[in-house]
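Fold and geometry: a report
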Amino acid sequence: MATATEKTFYLETFGCQMNAHDSEKVIGTLRQEGYRQVETEDEAGLILYNTCSIRDKAEQKVFHRLNDYKALHKAGKRFGVLGCVAQQEGEKIFERAPYVSLVSGSASYRKLPEMLSRLEAGETRITGLDDRQTDETFETEFTARQNPYRGYITIIEGCDKFCSYCVVPFTRGKERSRTSTSVLEEAKRIADLGYTEIQLLGQNVNSYRDPEGKCSFAELLVRVGQVPGIRRVRFTTSHPRDFTRDIVEAIDAHPTLCDHVHLPVQSGSARVLKAMAREYTPEWYLERIAWVKSAKRSISLSTDIIVGFPGETDDDFIQTMDLLAQVQYDCVFAFKYSARPNTPALVMIDSIPDVEKSKRLQALLDRQREIQRPNYSKHIGEVMEVMVEVQNPARGQISTRSSQNKTVNVTWAQPIAPAPGSYMRVRITASHPNSLIGEVV
Ligand code: SAH
Ligand code: SF4
Ligand code: F3S
């Protein structure tokens with residue numbers, strides 16, 4: 001139980017891995033300022049939500065949460081909204097939820113210590129909001145790593161692509177990269193902590209441009225993979241526009257770089273891609289896929305799809321389905337189009353009724369499930385190295401991951417399971433459309 005003078009906080013995170021990792025940095029900063037993290041809203045003096053606004057549902061979830069807990073304000077608790085909804089809605093949040101006293105976008109997190117002291121002094125309307133001009137990146141040595149098996153490093157923040165449907169260029173500011181020197185220093189610190197897996201993060205991770213000009217994105221991948229102790233390097237998300245052949249060559253030549261590429265396509269229709277301002281055609285995208293497929297290593301592919309973009313016809317949708325069949329992804333994240341504030345697509349009429357979007361989404365997921373079956377069953381009999389992620393011997397299983405990013409559930413009868421982050425060799429005995437089953441060899 002917290003004492004009267006103790007500074008405590010509760011933090012809930014919504015959204016993508018960038019947000020999850022920002023929260024690790026925020027937690028570290030708060031601890032440095034003398035705060036202790038607690039498990040529930042009830043125990044906390046300060047309640048923080050690190051928010052996502054990528055789709056309307058994500059944003060609504062945040063306001064529901066704020067509403068559900070507003071009674072706690074009367075008990076003297078303070079509320080803060082961080083992240084993408086904070087940057088997008090700004091001071092309007094104070095109108096909608098008057099019990100909130102702090103609103104800060106991710107580009108202002110460097111100012112958190114200062115904002116916290118103003119909060120402690122009793123100020124009730126503190127903002128950290130940036131226009132798209134900021135060059136700041138949020139680098140801190142105090143990152144409180146929460147993931148027991150994977151160390152995250154943000155290498156590039158923001159986005160300059162302005163896809164017509166997307167809020168990110170507005171919520172995360174302009175594109176800015178960290179120096180390769182600082183990235184490699186952080187990779188070494190992560191290895192010193194005992195991590196063997198690193199994931200490099202960015203809204204467009206492969207748009208990375210070293211401000212010192214020392215290395216390209218592909219070279220940075222290789223160098224991170226050469227840090228002593230590091231056995232697995234992942235990176236997300238790659239944008240097709242900036243996906244270069246040397247990335248495939250680096251993966252081919254360096255076994256520490258995981259054999260998996262996430263390359264969001266969004267649609268298989270040239271017409272829809274144009275309206276989305278993705279600035280590539282299906283043919284251009286498929287050429288990048290051909291590079292990946294011609295590698296010596298078998299590189300797993302995954303993607304993101306939006307269904308029901310304004311004006312998407314049955315024929316456009318069929319072209320997306322055809323692209324899935326052609327590429328044979330191992331994993332697809334598919335979303336119904338959601339009209340977002342500030343975005344250029346807002347002027348297009350959100351013409352596809354929700355029931356039709358749902359129908360297309362379901363048809364796509366059903367089709368993809370069938371496409372995935374052989375991609376997973378082909379591993380039966382194979383012996384592979386996996387990393388333990390979640391121990392659950394109670395269920396007689398532990399959850400592990402292959403280098404290709406496939407979930408492998410391993411049968412485990414003993415009471416003590418290997419720790420998250422440890423490696424084991426398993427033989428694949430069965431498969432599902434989304435996961436593999438293995439036994440220790
Ligand atoms: N930077 C990455 C994607 C970041 S957002 C890229 O360009 O690929 C993650 C995914 O959310 C996107 O790939 C897209 O599929 C989806 N998404 C973004 N905005 C959306 C919107 N307005 N409606 C539905 N899905 C959206
Ligand atoms: Fe959004 Fe496009 Fe930027 Fe990805 S590249 S974050 S989809 S604007
Ligand atoms: Fe959401 Fe912001 Fe990430 S909108 S997906 S939390 S960049």
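That block above? That's the structure.
This text gives an overview of the structure that appears in the document. Since the structure is predicted, the reported quantities are computational estimates derived from the model, not experimental observations.

Time to look at the side chain of S108. Along the chain, S108 turns up in the loop between β5 (100-104) and α5 (112-120). A distance of 2.4 Å separates a polar atom in the side chain of S108 from a polar atom in the side chain of D130. If near-sequence neighbours (up to four positions away) are discounted, S108 is found in contact with M115, G128, L129 and D130.

We now examine the site of ligand 1. Around ligand 1 sit 17 residues, and of these Y165, Q203, Q266, D304 and S338 come closest. Between S338 and ligand 1, the recorded distance is 2.8 Å, taken from a backbone N or O atom to a nitrogen atom. For ligand 1, whose accessible area on its own is 540 Å², the fraction buried by protein is 90%. Among the elements of the structure, β13 (300-307) and β14 (331-336) are those that each provide at least two residues to the shell around ligand 1. Partitioned by chemical class, the residues of the shell around ligand 1 number six nonpolar, six polar and five charged.

Core analysis: the largest hydrophobic core is formed by 67 residues, its most contacted members being I155, L200, V224, F235, Y285, Y329 and L364. Broken down by element, this core gets its largest block of residues, six residues, from helix α8 (residues 217-225). Look past the residues within four positions of L200 in its chain and what remains in contact with it is I153, I155, V205, L221, V224, R234, F235 and T236. The next biggest cluster of nonpolar side chains, apart from the first, holds 22 residues, and it includes A58, V81, V85 and V100.

What counts and how
- Residues numbered from 1 in each chain as written.
- Chains lettered and ligands numbered in written order.
- Predicted model: local features only at pLDDT ≥ 70, side-chain atom pairs only at ≥ 80, totals over all residues.
- Heavy atoms only, no water.
- Helix = DSSP H or I, 4+ residues; strand = E, 2+ residues; numbered from the N terminus.
- Polar contact = N/O pair within 3.5 Å; in protein donor to acceptor, adjacent residues only side chain to side chain.
- Contact = heavy atoms within 4.5 Å.
- Near = heavy atom within 4 Å.
- Areas by Shrake-Rupley, 256 points an atom, 1.4 Å probe, with all protein chains shown as cover.
- Nonpolar A, V, L, I, M, F, W, Y, C, P; charged D, E, K, R; others polar.
- Core = buried A, V, L, I, M, F, W, Y, C linked by side-chain atoms within 4.5 Å.
- Buried < 20%, exposed > 50% of the residue type's maximum accessible area, 1.4 Å probe, protein only.

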